[in-house]
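Results of the structural survey
Given next are the chains, with one letter for each unit.
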Amino acid sequence: MTSQRTSAEENHSKTPNLKGRKSINPKSGRWLWFWVGMSGIAMVSAMAGALLAVSLTSTPLQQADLSPQEEAVFDSDAIAGGGLRFSELTRPVNLLVMGMSVLPPDVQNPPADTKNLRYLPQVNSFDGLSDVMLLVKFDPETKKIVMLSVPRDTRTEIEGHGTRKINAANVEGGPALTAKTVSNLLGGVGIDRYIRINVLGVAKLIDALGGVTVYVPKDMKYQDDSQHLYINLKAGKQHLNGEQTLQLLRFRHDELGDIGRIQRQQMVIRALTDQSLNPATLTQLPKILNVVKEHIDTNLTVEELVALFGFSVRTNRSNMQMLMLPGRFSEKGEYDASYWLPSKNGIAKLMAKQFGLQSNAENTETQQQVNDPGSVRIAIQDSTGSDRATLRPLIRALERSGYRNIYVSKPWSEPLEVTHIVAQQGDGNSAESIRDVLGIGEVRVESTGTLDSDVSIQVGKDWLQHQMPLNDSSQSSY
């Protein structure tokens, strides 16, 4: 998810090849290759052990009973190699991920222990509304992972059921109808597999991974006695257990509603991938699956699951991108309910760039406009607590490079050591260009910035150290 330029890398690339320089010791070279080889063997052994242990379990991962017509919605072609290549993806894979939040009224026969209660507890079922929806592309050709968040309030056509919020597709037709609805919304993109995880399993999964260290952006307090939902988190960087992480993921009672929750979901996903995607975690895969398997429904085989996880382990973090469905909030009185209204042009452009779908001439023209510095919308969010004058040299540097659509947004709550240059709409090229202009920061292709920006610059302490060379005597109206 990140790529960062460091002064050490720049200095190294400029270092001349001096004649008097000592050559590399061939023995140290042999040791290097020895340890590389041993690391490779360790990874393969870990994956083989994980596969063997999980394969011996008798409980299948798929709990839904799909008809042949429903199964045909998904591509049945193999996605992973066989034999010693079982952990390797053989082609790009689009995986639909759904997080399920199910209450007793959502199911026909709720468990007996949920009756006669004075509140509605979560039920371990997959028949309710999909609270979270992601389309994840694993691409061994580009060596990238792209995660596209689809807001649950997205207004769209559900085949046979009219125009509804997209989270209702699972209630009406399970994973097959949901996959068909998502595909139609996203220009006909193919969906290979699905996985549904009940909210009760999310907390167990986080605990199995040892919790997660994340920055809680603000104090969060919410109480719903009807569901026994109690959220009480303090702002700041902290290590959360499964139940606390669930509170962070479920909170949506602020000005951004579900969109703010998606941004926090991306923050948690980024933190989990940074700390958990490694060969050591892979060896714990049997234990992790054993903990959460009763809360998972998927048409992935165990071998395919291991292959996806193995690919994730080997993927560079700079090649992990998190996006959000382009659109806007509905206005008050515009519809009889609140919706996220998808942008057809924005979706077409995003699907062409990230998922390889064909785009029309209008979208190509739009892309050319975005590549023009003058049309890139840049939001600046300060995380350093400095006064606004600190941002003036940054704004002038951008203006000298042709950027005109610049505005200062509300501060970024997390204090940053390194500036984040966030490609809010997935335009990593523009974000890279802005980093080149500023000479600092790391590019993140994700949707945690200001919603109406193309690029959000979340200013860190590195800017305070770097701004003096850019400062000049000219005045600015900012």
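Residues numbered from 1 in each chain as written. Predicted model: local features only at pLDDT ≥ 70, side-chain atom pairs only at ≥ 80, totals over all residues. Heavy atoms only, no water.

With that settled, the discussion passes to the confidence of the model for the protein chain. In this model, the protein chain carries a mean pLDDT of 84, and residues with pLDDT of at least 70 account for 82%. Long-range and interchain partners of residues 2–24, a stretch whose pLDDT sits below 50, account for 23 contacts in this model, where long-range means more than four residues apart. Low pLDDT, under 50, characterises residues 472–478; the stretch is placed with eleven contacts to residues that sit more than four places away or in other chains. (pLDDT = per-residue confidence, 0-100. Contact = heavy atoms within 4.5 Å.)

With the rule as written, the count across this model stands at two cavities of 30 Å³ or more. Forming the walls of the largest cavity are 44 residues, and the residues nearest its centre are Val97, Ile197, Leu205, Ile269 and Leu272. Top contributing element to the lining of the largest cavity by residue count: helix 7 (residues 257–276), with seven residues. Taken together, the residues of the lining of the largest cavity sort by class into 34 nonpolar, seven polar and three charged. Estimated volume of the second largest cavity: approximately 40 Å³. Taken together, Asp131, Val132, Met133, Ser149, Val150, Pro151, Arg152, Asp258, Arg261, Ile262 and Gln265 form the lining of the second largest cavity. Secondary structure elements with two or more residues in the lining of the second largest cavity: strand 3 (129–139) and helix 7. Considering each element in turn, the lining of the second largest cavity owes the most residues, four residues, to helix 7. Across the lining of the second largest cavity, the residue classes tally to five nonpolar, two polar and four charged. (1 Å grid on protein atoms, 1.4 Å probe; cavity = no way out; pocket = protein on both sides within 12 Å on 5 of 7 lines; lining within 4 Å. Points joined across faces, edges and corners; volume = space filled by probe spheres on them. Helix = DSSP H or I, 4+ residues; strand = E, 2+ residues; numbered from the N terminus. Nonpolar A, V, L, I, M, F, W, Y, C, P; charged D, E, K, R; others polar.)

Another point: the pattern of salt bridges. In the structure shown here, the tally under the stated rule is 21 salt bridges. Arg261 is the partner of Asp131 in a salt bridge, and the nearest nitrogen-oxygen pair spans 3.1 Å. Of this pair, Asp131 sits in strand 3 while Arg261 is found in helix 7, placing the two residues 130 residues apart along the sequence. On the basis of relative accessibility, which here comes to 13%, the residue Asp131 falls in the buried class. Residue Arg270 pairs with Glu446 through a salt bridge whose shortest N-O separation is 2.8 Å. Of this pair, Arg270 sits in helix 7 while Glu446 sits in the loop between strand 19 (442–444) and strand 20 (455–459), and the two are 176 residues apart along the sequence. For the pair shown, Arg270 and Glu446 are each scored as buried. (Salt bridge = Lys/Arg side-chain N within 4 Å of Asp/Glu carboxyl O. Buried < 20%, exposed > 50% of the residue type's maximum accessible area, 1.4 Å probe, protein only.)

What follows deals with the environment of Thr213. You can see Thr213 is positioned in strand 8 (residues 212–216). Non-local contacts of Thr213, meaning those with residues more than four positions away in its chain, are made with Lys237, Gln238, His239, Ala271 and Gln275. A polar side-chain atom of Thr213 sits 2.8 Å from a polar atom in the side chain of His239. (Polar contact = N/O pair within 3.5 Å; in protein donor to acceptor, adjacent residues only side chain to side chain.)

The next point concerns the environment of Ser456. Checked against the element boundaries, Ser456 lands in strand 20. As for Ser456 and Val408, which are separated by 48 residues in sequence, their C-alpha atoms are 9.7 Å apart. If near-sequence neighbours (up to four positions away) are discounted, Ser456 is found in contact with Ala379, Gln381, His420, Ile421, Val422, Gly449 and Thr450. A polar contact of 2.9 Å, which involves the side chain of Ser456, links it to the backbone nitrogen of Thr450.

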